[in-house]
Amino acid sequence: MSGGGGGSSSSSSHAASPAVTNSNSGGGNPTRKMTRKQQIAADLVVHIQSHQIGQMLQFCERVEVNANPNDLGSFYWSAFLTGYIANNDTINAKFLWKRLPKSLKNKVPQLKAIWTIGQAILTKKPSAVYKSMTGYNWETNLKPLMIIAKNNYRKDTIELISKSYSHLSLADTLLYTGWTAQECSKNLIGYGWTFDAKTKYFTTKFIDTANLFVETTSNMDRIRKLSNNTVFLELN
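Only a predicted model underlies this, so the values are computations on that prediction, with no experimental measurement involved.

Novice: I tried to follow the overall build of the protein chain on my own but got confused; where do I start?
Specialist: For the protein chain, the count of helices and strands is eleven helices and three strands. When the helices and strands of the protein chain are placed in sequence order, the string is α-α-α-α-α-α-α-α-β-α-α-β-β-α. When the 236 residues of the protein chain are sorted by exposure, 45% land in the buried category. Across the protein chain, every contact between residues at least 6 apart in sequence was considered, and the portion connecting residues at least 24 apart equals 66%. Taken as a whole, the protein chain presents about 12,400 Å² of accessible surface, with 50% of it coming from carbon and sulfur.

Below, the structure is given as structure tokens:
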């Protein structure tokens, strides 16, 4: 299974980033130059909004090599760690977590919450994965990336169970998908699964999930607009 939400690319480019401006009652102040931390955050937001997760990870890896870990800001590390999870790369997520400074882990609760997701994936506990993804109040700039991570995990899981099982109980289907019974019926029966109400078992059919089960466009657009307005508010 492969993670979705944007593939890796051997080439990298910086998309245009939002400008940061000063304003006062007199007006007319010129645009001031962004700090390095702000520029990194702006570049990350562009990658996330474009679903360019592979390119975002390449960018994060280059930045890490050339910077002091304590100077990069919590959003950078949160996006980096979530990006590996979104890209179905829990091994590199584990290595990143291990090399994060202990002081940073203790200072930023969000990083611990992200790694809780990685641990649940590694120990094959899907219900804990979904609970961890939805049970934390992620900062606005990170929410679109977390939605991608959740969608990709669900896609990979559904593809795996549709390959592995010819029949699956309703209880297990809820566990693996993180959906309600109504959502399972709506999303799976439309793609060839059938449900026996007496036995409460699904008869499965292989699903290629490449373009299925994504968060609604309206939700993503709403979060994207919020993210545009708050990109520089949560950098410490």
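Novice: Mind showing me how you'd approach the nonpolar core here?
Specialist: Side chains of nonpolar character tend, in soluble globular proteins, to be buried together. Counting 44 residues, the largest nonpolar core has Leu44, Tyr76 and Trp77 as its most contacted members. Taken together, the elements giving at least two residues each to this core come down to helix H1 (36-49), helix H2 (53-65), helix H3 (74-86), helix H4 (90-99), helix H6 (109-122), helix H7 (126-134) and helix H8 (143-164). In terms of residue count, H3 provides more of this core than any other element does, nine residues in total. Those residues in contact with Leu44, other than ones at most four positions away along the chain, are Met56, Phe59, Cys60, Phe75, Tyr76 and Ala79. Core analysis: the next-biggest nonpolar cluster, separate from the first, contains ten residues, Ile158, Ile161, Leu170 and Phe202 among them.

Novice: Help me understand the sheet that holds strand E1 (residues 167-169), please; the structure alone is not making it clear to me.
Specialist: In sheet architecture, strand pairing relies on hydrogen bonds along the backbone and comes in two forms, parallel and antiparallel. Here three strands make up an open sheet; going across it, the order is E1-E3-E2 and the pairing antiparallel. Every interior strand has two partners, whereas the edge strands, E1 and strand E2 (194-196), have only one. Taking each pair of neighbouring strands and ignoring which way they run, the sheet shows an average axis angle of 30°. Bridge count between E2 and strand E3 (residues 201-203): three bridges; the pairing is antiparallel. Residue pairing across strands places Asp196 opposite Tyr201, the latter belonging to E3. Along the sheet, helix H9 (residues 170-177) contacts E1, E2 and E3; its crossing angle with E1, the most-contacted strand, is approximately 85°.

Novice: It is not clear to me how H7 should be interpreted in this structure. Could you clarify?
Specialist: Along an α-helix, residues three or four apart share an orientation, since each turn contains 3.6 residues. Among the residues making up H7, those that are buried are Pro126, Val129, Tyr130, Ser132 and Met133. The buried residues of H7 all sit within an arc of 165° when viewed along its axis, so they share a single face.

Novice: Just checking my understanding: could you explain the pattern of salt bridges for this structure?
Specialist: Proximity of charged atoms lets side chains of opposite charge pair with each other. Within the structure shown, the criterion is met by two salt bridges. The salt bridge involving Glu64 is made with Arg99; its shortest N-O contact spans 2.6 Å. Separated by 35 residues along the polypeptide, Glu64 in helix H2 and Arg99 in helix H4 bring together distant segments of the chain.

Cut-offs applied
Residues numbered from 1 in each chain as written. Predicted model: local features only at pLDDT ≥ 70, side-chain atom pairs only at ≥ 80, totals over all residues. Heavy atoms only, no water. Helix = DSSP H or I, 4+ residues; strand = E, 2+ residues; numbered from the N terminus. Buried < 20%, exposed > 50% of the residue type's maximum accessible area, 1.4 Å probe, protein only. Contact = heavy atoms within 4.5 Å. Areas by Shrake-Rupley, 256 points an atom, 1.4 Å probe, with all protein chains shown as cover. Core = buried A, V, L, I, M, F, W, Y, C linked by side-chain atoms within 4.5 Å. Pairing = 2+ DSSP bridges. Axes fitted to C-alpha atoms, helices over the stretch in contact; angles between N-to-C directions. Arc of directions from axis to C-beta. Salt bridge = Lys/Arg side-chain N within 4 Å of Asp/Glu carboxyl O.

By themselves, these observations are geometric and do not establish any function.
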